[in-house]
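# Observations on the three-dimensional arrangement
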Amino acid sequence: EVQLVESGGGLVQAGGSLRLSCAASGFTFDDFVIGWFRLAPGREREGVSFIKSSDGTTWYAESVKDRFTIDRENKNTVYLQMNNLKPEDTAVYFCAADADPVAIATESPAFWGRGTQVTVSS
């Protein structure tokens, strides 16, 4: 019954910004990890950024540190502010969540969204 719905993807030029949103519904766990993976043609799936619902602890991939910021609008709504976008950021971005942080670390979360396309032109 859990659903994750992404929005906010689009086409921008290098150096521009986008904000992705993930709205979760039907999620009844008291504490969970939620955030973003991305997948581009010819590349491996990559964890981008995650946040813990209970205390706001965050994690960022090295490739996006100092450019992306993850935050909570409320407990079940998360956004990813992406600044200074680069062509290599082009990918489908998937929201994902799990009550167990180990599932996130092993890239096997219980719940996935359908993805939103981000395209950065040079």
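Structure shown above.
Notes on the structure follow.

### Comments concerning the packing of aromatic side chains
Describing an aromatic ring pair means giving the distance of the ring centres and the angle of the ring planes. This structure, assessed with the given rule, holds 4 aromatic pairs. When the ring of phenylalanine 37 is compared with that of tryptophan 112, the centres are 5.1 Å apart and the planes differ by 40°; the resulting orientation is tilted. Taken as a pair, phenylalanine 37 in strand β4 (residues 33–39) and tryptophan 112 in strand β10 (residues 111–112) lie far apart in primary sequence, 75 residues in all. Since its relative accessible area comes to 1%, phenylalanine 37 is described here as buried. Using a relative accessible area of 33% as the deciding quantity, one classes tryptophan 112 as partly exposed. Taken together, the ring pairs connect Phe37, Phe50, Trp59, Phe94 and Trp112 into an aromatic cluster.

### What about the sheet that holds strand β1 (residues 3–7)?
A sheet is described by the order of its strands in space; here 4 strands give the open sequence β1-β3-β8-β7, paired in antiparallel fashion. Two strands lie at the open edges of the sheet, namely β1 and β7 (68–74), each paired on one side alone. Averaged over all pairs of adjacent strands, the angle between their axes in this sheet comes to 20°, without regard to strand direction. In the sheet, strand β3 (residues 18–25) pairs with strand β8 (residues 77–82) via 6 bridges, with the strands oriented antiparallel. Bridging from a neighbouring strand, leucine 20 pairs with leucine 80 of β8.

### Topic: unusual backbone geometry
Residue asparagine 84 is not a glycine yet carries a positive backbone phi of 50°. By secondary structure assignment, the location of asparagine 84 is in the loop between β8 and β9 (91–98). Even without being glycine, glutamate 107 reaches a positive phi, approximately 55°. Given a relative accessible area of 28%, glutamate 107 falls into the partly exposed group.

Scoring rules and cut-offs
- Residues numbered from 1 in each chain as written.
- Predicted model: local features only at pLDDT ≥ 70, side-chain atom pairs only at ≥ 80, totals over all residues.
- Heavy atoms only, no water.
- Phe/Tyr/Trp six-rings, centres within 6.5 Å; stacked < 30°, edge-to-face > 60°.
- Helix = DSSP H or I, 4+ residues; strand = E, 2+ residues; numbered from the N terminus.
- Buried < 20%, exposed > 50% of the residue type's maximum accessible area, 1.4 Å probe, protein only.
- Pairing = 2+ DSSP bridges.
- Axes fitted to C-alpha atoms, helices over the stretch in contact; angles between N-to-C directions.

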